[in-house]
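So you can see what is in the structure, the chains are spelled out below.
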Amino acid sequence: MILNRRRFLIGTSALASTAALSAPSVLGQGKAKLVVLGGGAGGATVAKYVARDAGEAIEVTLVEPAKEYATCFFSNLYLGGFRTYEDNVHSYDALGSKYGVNVVHQAATGVDRDKREIKLTDGSVLKYDRLVMSPGIDLKYDSVPGYSEAAAEKMPHGWKSGPQTKLLKAMIDAVPDGGLVVMIAPPNPSRCPPGPYERVSMMAHLFKSTGRDSCKIIIVDPKEKFSKQGLFQPGWEKYYPGMIEWLSPMIHGGVKSVDPSTGEVVTDFETYKPALANIIPAQSAGRIAIDSGLADETGFCPIDPFTMKSKRDPSIHIVGDACIPGDMPKSAFAANSQAKVAAMSIRGDLAKAPTFPARFANTCWSLIETDDCVKVGGRYEATEEKIKRTEGFISQPTDTAEVRARNYQEALGWYAGITADIFS
Amino acid sequence: MTSDKRYNRRSFLKGTGIAAAATAVSWRASRAGEPDPAIVNLPDHSKYLGEGVQAHPYGSPSQYEANVIRRDVEWLTATRESSVNFTPIHDLDGIITPNGLAFERHHAGVAEIDPAQHRLMINGLVEKPLVFTMDDVKRFPRENRVYLLECAANSGMEWRGAQLNGCQFTDGMIHTLMYTGVPLKYVRETKPAWMGKRMRAIGFLLRLAAPMALVPGAGRTADIALGEYLAAECVTCHQLSGHSTGGIPSIVGMAEGLFIEALTAYKRGERDNDVMRNIAGRLSLEDMAALAAYFAAQGPRR
């Protein structure tokens, strides 16, 4: 068994080093160059792991415009009043000071794949031997008629962490008792599939715990069903009876338009004038990945499941929400998991480090009400076709309160764990 | 002759019956002369045929001794494999513990050892290393010896106050067995190359080595590079710094044996956490040993 695997590994690293030979700069100038675009759960993890394990052989540069990172994961708990915004903010300092990652706080404006160069906003150019694309998502504003980036100032999406999250929180806090909230949920594939429904749970929790029992939340969903539906809906009935209404496309007949000037949301079924419209449009890979020609007609980037390399350019790895992760969801957990496979592949290519078969895992926890947390997860393996789910689990409607409370503690532990894994 | 024998046995039985009745007299008197059914009724075993003599090719206890068994305490140890069961000392008479009731302590579950594959190897501080099969060993003269063996931790569960409800649990890590075996001196005499003074050291080393061999992963070098790669999956939740937050315990510095046992229990579905079952489900024993070695090396032993 051991011998077999070792032999397999020797075989793959031999292949990998031939690939690396085709990159002249690797041989010519000492350290190989890795550039990572995007400092989220995917990109920052790759940067840290490559720098930590192969820092002598590989120079790692992380390009991320934000000075510090506010996680999108757990932002719902901020909206629900379980955490402060600052609880979700993390510094990039340790990546530089502890692991020697060169963190550049700029945005990338273009990638020249032939020259293996990246242009930054200040006009400077970075050369790379390997590039990691982890730009996350871009929002397709025009997927909702009438919606736009400007409209998001009145009708926030809150689907990328930062000012949008704070704006959404302020608007939730301002909803009067008896006020109406309309959420337009996104179509698949989207970041954090259970996220919209946990968010609604958190809004309801906040309304209930601040004496706004007569508020109402309507979810206008383009999907026939949604993640953990069998757990969320009984939870809503139990804790927030009558407060949350989920409308499938069969009921609402589709979104006709939204109007930021009047605040109206029009469906085929009804016209709403909510106190808060939370519009989460369709999504695609981050702009830079699409502009670099790495995305397909779905708007996301196809990858080789064994290495996370782009199917269109073997010198580029793509991790996180921007890639097409097969059966994996778009989550921070998944991005972090993919990042470790990419980091191993990169170290194999550039530093001739031993490589092992790719492994992927994911778990998503969602809070429905205080101490009632549900989870869904799975493990995955690389196949020629895609990253394939091999096994999984989901919370049961019959779980005891103790199990659900334990899930919440587990989620808190996971958050501390993954953020330490990425940033410290 | 036959009738004589029967008569004799009957009269013997009558004799004992009288003795029994004598102790029961006061009790019987209060029942207004009702006869004892245990004495006057013919029991089933006198009326019907019992099982054939070969019904149990390997002897098993009578149904009336069904309660005379070893027992363990589920919460006492982290897993059922690295655990102990206890001799039912309160139910035993005489000094020899039946083999099936002798307490057992294992660190990695019960090892099923095929005698045909078993080897006695003597190496290290010797001039000539030797290996014996079981058949080799059986060719030497045997000796029978009775030894009492008690776990050094027997009664330990009571040292900080009573917490178990019977002497089987508090003091049952003890048994007396008759061992049949071959003294090492015979082996030495047969192989003159052996140095007498070193024999004691070897005997000691053998005893030390035996329990270690039961721990999976011990005695071979786990693959640290593999462990480091696999660990990347663990540290998404379990912090490499050794800090513990919320419901996620630290696994840094964990003893390797415990680490492997815990993962095995998740893999078998004996421990209850979906995430851990999911992760452990695809770990081989080799993976677990590599992970255990990696995390054990990341911090002080806990």
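Predicted model, so just to flag it, every value in this text is computed and none were measured. (Residues numbered from 1 in each chain as written. Chains lettered and ligands numbered in written order. Predicted model: local features only at pLDDT ≥ 70, side-chain atom pairs only at ≥ 80, totals over all residues.)

(A) Geometry of the confidence of the model for chain A. Chain-level pLDDT for chain A is 93 on average; 93% of the residues reach the 70-or-more range. Contacts for the low-pLDDT stretch residues 1-28 of chain A, under 50 throughout, to residues beyond four places or in other chains number 25 contacts. (pLDDT = per-residue confidence, 0-100. Contact = placed C-beta atoms within 7 Å.)

(B) Looking closely at the sheet that holds strand S23 (residues 372-382) of chain A. Residues and elements named next belong to chain A. The sheet built from three strands is open, its strands ordered S22-S23-S24 with antiparallel pairing. The sheet is open, and its two edges are formed by strand S22 (360-369) and strand S24 (387-394), each paired on a single side. Strand-to-strand twist in this sheet, taken as the mean axis angle between neighbours without regard to direction, amounts to 20°. Where S22 and S23 come together, nine bridges link them in antiparallel fashion. Residue Thr363 lies in a different strand from S23, and its bridge partner there is Gly377. On the sheet, helix H12 (residues 401-423) packs against S22 and S23 and is oriented at approximately 60° with respect to S23. (Pairing = 2+ DSSP bridges. Helix = DSSP H or I, 4+ residues; strand = E, 2+ residues; numbered from the N terminus. Axes fitted to C-alpha atoms, helices over the stretch in contact; angles between N-to-C directions.)

(C) How the structure looks around the nonpolar core. In terms of nonpolar packing, the biggest core is built from 157 residues, with Leu34, Val50, Ile217, Cys301 and Ile318 of chain A touching the most fellow members. The dominant element in this core, judged by the number of residues it contributes, is helix H11 (residues 332-351) of chain A, at 12 residues. Listed in part, the five residues of the second largest apolar core include Val84, Phe86, Phe169 and Met173 of chain B. (Core = buried A, V, L, I, M, F, W, Y, C linked by C-beta atoms within 7 Å. Buried ≥ 20, exposed ≤ 12 C-beta atoms within 10 Å, placed from the backbone.)

(D) Region of the structure containing the interface of chain B and chain A. Residue-level contacts link 22 residues of chain B with 28 residues of chain A. When residues of the side of chain B that touches chain A are traced back to their parent elements, those giving at least two are helix H8 (224-234) and helix H10 (274-280) of chain B. Looking at which element gives the most residues to the side of chain B that touches chain A, the answer is H8 of chain B, with five residues. Its residues placed into classes, the side of chain B that touches chain A shows nine nonpolar, nine polar and four charged. (Nonpolar A, V, L, I, M, F, W, Y, C, P; charged D, E, K, R; others polar.)

(E) Spatial organisation of the environment of Ile89 of chain B. Residues and elements named next belong to chain B. Looking at where Ile89 falls in the secondary structure, it is placed in the loop between strand S1 (83-85) and strand S2 (104-106). In this structure the C-alpha to C-alpha distance between Ile89 and Phe103, which are 14 residues apart in sequence, comes to 9.9 Å. Not counting residues within four places of it along the chain, the set of residues in contact with Ile89 comprises Cys167, Gln168, Asp171, Gly172 and Ile174.

(F) Focus on H11 of chain A. Residues and elements named next belong to chain A. A rise of 1.5 Å per residue sets the reference length of H11, with its 20 residues, at 28 Å; its end C-alpha atoms lie 27 Å apart and thus fit the reference within 8%. Across the 20 residues that make up H11, a large majority, 20, are buried. With its phi angle positive at about 55°, Lys352 sits one or two positions after the end of H11. (Expected span 1.5 Å × (residues − 1).)

(G) Fine view of the packing of H8 of chain B against helix H11 (residues 285-296) of chain B. Residues and elements named next belong to chain B. Remark: H8 packs on H11, axes separated minimally by 8 Å, with the N-to-C direction vectors making an angle of 85°. Here H8 is positioned roughly perpendicular relative to H11, judged by the angle of their axes. Contacts between H8 and H11 involve Ile224, Leu226, Gly227, Glu228, Leu230, Ala231 and Cys234 from the former and Asp287, Ala290, Leu291, Ala293, Tyr294 and Phe295 from the latter. Counted by class, the contact of H8 with H11 contains 10 nonpolar, one polar and two charged residues. (Parallel < 35°, antiparallel > 145°, perpendicular 65-115°, else oblique.)

(H) The packing of helix H3 (residues 43-54) of chain A against H11 of chain A, seen in detail. Residues and elements named next belong to chain A. Here H3 crosses H11 at 40°, and the two axes come no closer than 8 Å. Classified by the angle their axes make, H3 and H11 are oblique. For the pair H3 and H11, the crossing hand works out as right-handed. Packed against H3, whose contacting residues are Thr45, Val46, Tyr49, Val50, Asp53 and Ala54, the element H11 presents Asn336, Ala339, Lys340, Ala342, Ala343, Ile346, Arg347 and Ala351 at the interface. Classifying every residue of the contact of H3 with H11 by side-chain character gives nine nonpolar, two polar and three charged. (Left-handed = near helix turned anticlockwise from the far one by under 90°.)

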